[in-house]
Every structure is written in structure tokens, then in C-alpha cells.
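Structural overview
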Amino acid sequence: MSECLFCRIIAKEIPAKIEYEDKELVVIQDINPQAPVHLLVISKKHVAGTQDMDAQDRLLLGEMVFRAKELARQRKLEEGYRLVLNNGAKAGQSVFHIHLHFLAGRKMNWPPG
Ligand code: 5GP
Ligand code: ZN
């Protein structure tokens, strides 16, 4: 059994509110939402973070951003949404399995904290 939280969610060993799933990705609701809409676009392939990407994973990141765009379109959130990739503990990454935060439904501030 994997030790990785998101691998376990992908394997359905840990429950999550799944919003979308295909061969490469799963989209879940964040357990601790930081905006009215806070989804996590998660790669099914375990890659710890951008620093661990191999050449093929470039395409995976494209899939993740494209999925975010589709989520925004389907939910009529195109007016503004924020995509966040925390890379490394110092940047706020707490789950070391690559995922894109999709945040929307409120005014976002800049610079982020
Ligand atoms: P990170 O801090 O690595 O960028 O993001 C990890 C995210 O995963 C956090 O926003 C956190 O709230 C979320 N998270 C942590 N544990 C769980 C869980 O068990 N289920 C779900 N759905 N989200 C989780
Ligand atoms: Zn994993």
C-alpha cells in the first residue's frame, strides 16, 4: 500500500469528493478550502513535484492546466480563477504528489502570502 496520501485517494483507499476523473487525472475538492471553489487537479502518475518531472511529464502538466480551463468553462468561472502549484516545503507544499490548486469564487489578492 502506498504511503502517499494522493496515491491512496486515487486508489480509492481514502475517500474524497471526486469532481472529475480520466485516465491521467483526478479532480477532488480540497478538504480545507481556501476559496468558495477549491479543487485539486491531481496527476494519477506519482510525481513528487515539478522538480521531479521527467521530459514526458511536460505533457501531463499541460493536461492539468487544460483540465482547469475546462472546469472554469463548465462552472462559468472564467471571469477569474487562480491556479497554484506549490513547489517544496518552503513554498507551502504539504503533499508531495504533484497537484494544481484551482481556486475561484472570490477576489484573489496579489502578491499571494
Ligand atoms: P499543498 O499544500 O501540498 O500545495 O496542497 C495540499 C492540499 O491538500 C491542501 O490544500 C490540503 O488542504 C489538501 N488535503 C490534505 N489532505 C487532504 C485529504 O485527505 N483530502 C483532501 N480532499 N484534501 C486534502
Ligand atoms: Zn502519490
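Each chain carries its own residue numbering, running from 1 in the direction its sequence is written. A letter from A marks each chain and a number from 1 marks each ligand, given out in the order of writing. Owing to the predicted nature of the model, reporting of local features is limited to residues with pLDDT of at least 70; listing and counting of side-chain atom pairs is limited to 80 or more, with chain, interface and lining totals taken over all residues. For side-chain calculations, the full set of non-hydrogen atoms in the structure is used, while hydrogens and water are omitted.

**Digging into the layout of surface pockets**
Cavities and pockets are defined on a 1 Å grid built over the protein atoms alone: a cavity is a set of grid points where a 1.4 Å probe fits but cannot escape, while a pocket is an open set with protein on both sides within 12 Å along at least five of seven lines, and lining residues are those with an atom within 4 Å of any such point. Grid points are joined across faces, edges and corners, and a volume is the space filled by probe spheres set on the points. Counted as a void, the largest pocket has a volume near 800 Å³. Lining of the largest pocket is provided by 34 residues; of these, Asp30, Asn32, Gln34, His38 and His101 occupy positions nearest its centre. Each helix is a run of DSSP H or I of at least 4 residues and each strand a run of E of at least 2, with the numbering of both proceeding from the N terminus. Looking at the lining of the largest pocket, the elements with two or more residues in it are helix H1 (5-10), strand S2 (25-29), strand S3 (37-43), strand S4 (81-84) and strand S5 (99-104). Each residue is assigned to one of three groups, with Ala, Val, Leu, Ile, Met, Phe, Trp, Tyr, Cys and Pro labelled nonpolar, Asp, Glu, Lys and Arg labelled charged, and all others, Gly among them, labelled polar. By residue class, the composition of the lining of the largest pocket is 18 nonpolar, 12 polar and four charged.

**A short note on the coordination of the zinc ion (ligand 2)**
The expected angle between donors at a tetrahedral four-coordinate metal is 109.5 degrees. At an octahedral six-coordinate metal it is 90 or 180 degrees. Each metal's donors are the N, O and S atoms found within 2.8 Å of it, except that Na, K and Ca use a 3.2 Å limit; water is left out, so coordination can look incomplete. The coordination sphere of the zinc ion (ligand 2) contains the protein donors Cys4 (SG), Cys7 (SG), His46 (ND1) and His97 (ND1), at a distance range of 2.0 to 2.3 Å. One can describe the donor arrangement at the zinc ion (ligand 2) as tetrahedral, given that its four donor atoms subtend angles of 102 to 118° at the metal. Donor residues binding the zinc ion (ligand 2) come from one chain and are separated in sequence as C-x2-C-x38-H-x50-H. Highlighted residues: Cys7 in helix H1 and His97 in the loop between S4 and S5, separated in sequence by 90 residues. The rule is simple: four donors are tetrahedral if all their angles sit between 85 and 135 degrees, four are square planar and six octahedral if opposite donors span more than 155 degrees and the others lie between 65 and 115, and anything that fits none of that is irregular.

**Focus: the packing of aromatic side chains**
In this analysis, rings of Phe, Tyr and Trp, with Trp reduced to its six-membered ring, are considered paired at centre separations within 6.5 Å, and the interplanar angle assigns stacked below 30 degrees, edge-to-face beyond 60, and tilted for intermediate values. In the structure shown here, the tally under the stated rule is one aromatic pair. Relative to Phe102, the ring of Tyr81 has its centre 5.1 Å away and its plane inclined at 15°; by these criteria the two rings are stacked. Here Tyr81, found in strand S4, pairs with Phe102, found in strand S5; they are 21 residues apart in sequence, far enough to count as distant. Looking at Phe102, the relative accessible area reads 0%, which means it is buried. Whether a residue is buried, partly exposed or exposed follows from its accessible area with a 1.4 Å probe, protein chains only, as a fraction of its type maximum: under 20%, in between, or over 50%, in that order.

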